[in-house]
Amino acid sequence: MANCLVELKDNRAVAETYGTAVHQGLTDQPETNLTVGFRFIDTLECRAGEWKILHRVATTEWVKRNLPEQQWPIPAQLRRGSRDRQDPIYKAWD
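Residues numbered from 1 in each chain as written. Predicted model: local features only at pLDDT ≥ 70, side-chain atom pairs only at ≥ 80, totals over all residues. Heavy atoms only, no water.

Enquirer: Help me out: how do you make sense of the overall build of the chain in this one?
Expert: Within the chain, the regular secondary structure consists of 1 helix and 4 strands. Ordered by position in the sequence, the α and β elements of the chain form the string β-β-β-β-α. Here the C-alpha atoms of the chain give a radius of gyration of 19 Å, more than 25% beyond the 12 Å that 2.2 N^0.38 yields for 94 residues. Expressed along its principal axes, the backbone C-alpha trace of the chain runs to roughly 55 × 40 × 20 Å. In the chain, which comprises 94 residues, the proportion classed as buried is 17%. Sequence-distant contacts, at least 24 apart, represent 35% of the contacts inside the chain between residues at least 6 apart. (Helix = DSSP H or I, 4+ residues; strand = E, 2+ residues; numbered from the N terminus. Rg over C-alpha atoms; globule rule 2.2 N^0.38 Å. Buried < 20%, exposed > 50% of the residue type's maximum accessible area, 1.4 Å probe, protein only. Contact = heavy atoms within 4.5 Å.)

Enquirer: Would you take a moment to explain the pattern of salt bridges for this structure?
Expert: Two side chains of opposite charge can pair, provided their charged atoms sit close to one another. The final tally for this structure, using the stated rule, is 6 salt bridges. Across the pair Glu-45 and Arg-47 runs a salt bridge whose closest N-O atoms are separated by 2.6 Å. Using a relative accessible area of 11% as the deciding quantity, one classes Glu-45 as buried. Residue Lys-52 pairs with Glu-50 through a salt bridge whose shortest N-O separation is 3.8 Å. When salt bridges that share partners are traced, they join Arg-12, Glu-45 and Arg-47 into one network. (Salt bridge = Lys/Arg side-chain N within 4 Å of Asp/Glu carboxyl O.)

Enquirer: Looking at this structure, I do not really get the side chain of Thr-17. What am I missing?
Expert: Note that Thr-17 resides in strand β2 (residues 12-23). Excluding residues within four positions of it along the chain, Thr-17 makes contact with Met-1, Asn-3, Cys-4, Phe-38, Arg-39 and Phe-40.

Enquirer: Would you explain the packing of aromatic side chains in this entry?
Expert: Ring pairs (aromatic) are described by centroid distance and by the angle formed between their planes. If you walk through the whole model with that rule in mind, you get 1 aromatic pair. With centroids separated by 5.2 Å and ring planes inclined at 55 degrees, the aromatic side chains of Phe-38 and Phe-40 adopt a geometry described as tilted. There is no split in this pair, since Phe-38 and Phe-40 are both buried. The ring of Phe-40 has Arg-56 sitting right over it, with the charged end atom 3.9 Å from the ring centre. (Phe/Tyr/Trp six-rings, centres within 6.5 Å; stacked < 30°, edge-to-face > 60°. Lys NZ or Arg CZ within 6 Å of the ring centre and 35° of its normal.)

Enquirer: Is there a simple way to explain the state of the cysteines in this structure?
Expert: In a disulfide, the sulfur atoms of two cysteines are covalently bonded to one another. Going through the model one piece at a time under the given rule, you end up with 0 disulfides. Not engaged in a disulfide, the cysteine Cys-4 finds its nearest cysteine sulfur in Cys-46; these two sulfurs lie 16 Å apart. In this structure Cys-4 comes out as partly exposed when scored by relative accessible area, which is 48%. Judged by its relative accessible area of 22%, Cys-46 is partly exposed. (Disulfide = S-S within 2.5 Å.)

As structure tokens, this is what we get:
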């Protein structure tokens, strides 16, 4: 998530939020290795003191293919994330 613009009018608001999503899939499937720029356009309403999203539209702004030959190796001295219980997020709960 990145920049967010919110315009208020009484108990309603419209928010525009930019974001970037990196998709990393199998190397033999280039269509699964993408970086996507997107926006959320949200209509929000305040009811009983709580703001909630009433409606959301998501748009795709741009797409870039991430080619395997463009990958840069992560240096050995840096901690890496993993998709299992060895990931550092689990140690934070201990």
